[in-house]
Amino acid sequence: MVREQKQLSLDSDMAKDVTAAVISSIRETFSVEVSAGAPEFGDGMVSLVGDISGIIGMVQKQLEGTLMLCMTFETVRDILPQVLGKSVTITHEMAVDAVGELTNMVFGQVKNELNQRGHQIKLGIPCVVTGKGHFVCQFHRGKYMIVPFQLDGQLFQVYVALHEVSSGRSSERN
Amino acid sequence: MSQLANLKVLIADDHFLIRQFVRNTLRESKIENVQTAADGNEAIDLVQKARASDVPYDVVFLDWNMPTISGLEVLSYFRAKPEYADTAFVMLTAESEQQNIMKAIKAGATSYIVKPVSPADLGKKLFEINEWIKRKRQMSGGMFG
């Protein structure tokens, strides 16, 4: 029997999934609390600024998208001692490793929630982009959602963008 | 002394953060005999060397996605060898799809833990894993001892 695939959309349900995944991943791994702000929904290109961004591509039958966790080095430096110890000097490599794993946990959880609701999405392999104050932006003109989070007064963001693929699978386009 | 304190544990995960997180949790349960591997090849090597030296691991935590060889492949490799039957291989991974969980259980995973996991929940799992090891050893003692 072929299960019907539900079309994914950026809405308050997805914002709730993202928020829950970020809060639980950070709470359980680092034993610290983060608070989420109101999600922002938009259309078209948008740029985010950060120092370390974990990025994963996502596909559904007629959708492709990008999931991104964008943090500053200061935010990562503040939470890492919870696991690595207060006496450890946090290096760039440690921060990259942590954001990579956090990206994996957050979006793994989001995928699980969405697929339990019948969306059948697939994720690609995560990658991490670093560079002080780098810009990350998407080039398609799809819809996006940004969920802001605060951790001890420092801001970080999760960005989700979706782009409809007009004819069949995304890999078939030029 | 904690009943878990004598366990010898290997943590195989390519992320330093997770290796340290699990090590911290084990330390809270007084488990100090802990080694780490950053990929599947290193995990296989360490598990085999420990067995050859007659000081085998009791528990091996395996991430699913690791460089060189995946955690699932490491699990399948050792489950095909009867001498590792009483070693607990525990998948600790962000991979949460039901079909993958079933795949790991079929391949012989002792337990499957989805990340993120709290230190308290991981601690509880350790007790279950320890009970599994005790049962396995009692059974093999009854058959061969």
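Owing to the predicted nature of the structure, the values given are computational and were not obtained by experimental measurement. (Residues numbered from 1 in each chain as written. Chains lettered and ligands numbered in written order. Predicted model: local features only at pLDDT ≥ 70, side-chain atom pairs only at ≥ 80, totals over all residues.)

### Observations regarding helix 4 (residues 92–116) of chain A
- Here helix 4 of chain A contains 25 residues, and its C-alpha end-to-end distance of 36 Å stays within 8% of the 36 Å for a straight helix at 1.5 Å per residue.
- Positioned one or two residues after helix 4 of chain A, Gly118(A) has a phi angle of 90°, which is positive. (Helix = DSSP H or I, 4+ residues; strand = E, 2+ residues; numbered from the N terminus. Expected span 1.5 Å × (residues − 1).)

### Thoughts on the nonpolar core
- Core analysis: the largest hydrophobic core is formed by 80 residues, its most contacted members being Val160(A), Ala12(B), Val60(B), Leu62(B) and Val90(B).
- For this core, the leading source of residues is helix 4 of chain A, giving eight residues.
- Not counting residues within four places of it along the chain, the set of residues in contact with Val90(B) comprises Val59(B), Val60(B), Phe61(B), Leu62(B), Ala109(B), Thr110(B), Ser111(B), Ile113(B) and Ile129(B). (Core = buried A, V, L, I, M, F, W, Y, C linked by C-beta atoms within 7 Å. Buried ≥ 20, exposed ≤ 12 C-beta atoms within 10 Å, placed from the backbone. Contact = placed C-beta atoms within 7 Å.)

### So, the confidence of the model for chain A
All names here are of chain A.
- Here chain A averages 89 in pLDDT, while 94% of its residues score no lower than 70.
- For chain A, strand 6 (residues 127–137) is the element with the lowest average pLDDT, namely 91, and strand 1 (residues 35–36) is the one with the highest, namely 97.
- Low pLDDT, under 50, characterises residues 170–174; the stretch is placed with five contacts to residues that sit more than four places away or in other chains. (pLDDT = per-residue confidence, 0-100.)

### Observations regarding the sheet that holds strand 2 (residues 34–37) of chain B
Residue and element names in this part refer to chain B.
- The strand order across the open sheet formed by five strands is 2-1-3-4-5, and the pairing between neighbours is parallel. Looking at the sheet topology across the chains shown, the edges are occupied by strand 2 and strand 5 (111–114). With strand direction ignored, the average angle separating the axes of adjacent strands in the sheet is 20°.
- In terms of strand pairing, strand 3 (residues 59–62) meets strand 4 (residues 88–93) through four bridges, oriented parallel. (Pairing = 2+ DSSP bridges. Axes fitted to C-alpha atoms, helices over the stretch in contact; angles between N-to-C directions.)

### Describing the pairing of strand 7 (residues 143–151) of chain A
All names here are of chain A.
- Inspection of the sheet shows strand 1 paired to strand 7 by two bridges, in the antiparallel sense. By the bridge assignment, Ser 35 is partnered in strand 7 with Gln 150.
- As paired strands, strand 2 (residues 40–43) and strand 7 are joined by four bridges and run antiparallel to one another. Its bridge partner lying in strand 7, Glu 40 is registered against Ile 146.
- The sheet contact formed by strand 7 and strand 8 (residues 154–164) spans nine bridges and is antiparallel. Opposite Ile 146, over in strand 8, you have Tyr 159 as the bridge partner.
- Where strand 7 folds back on strand 8, the antiparallel hairpin that results is connected by two residues, among which Asp 152 adopts a positive phi of roughly 50°.

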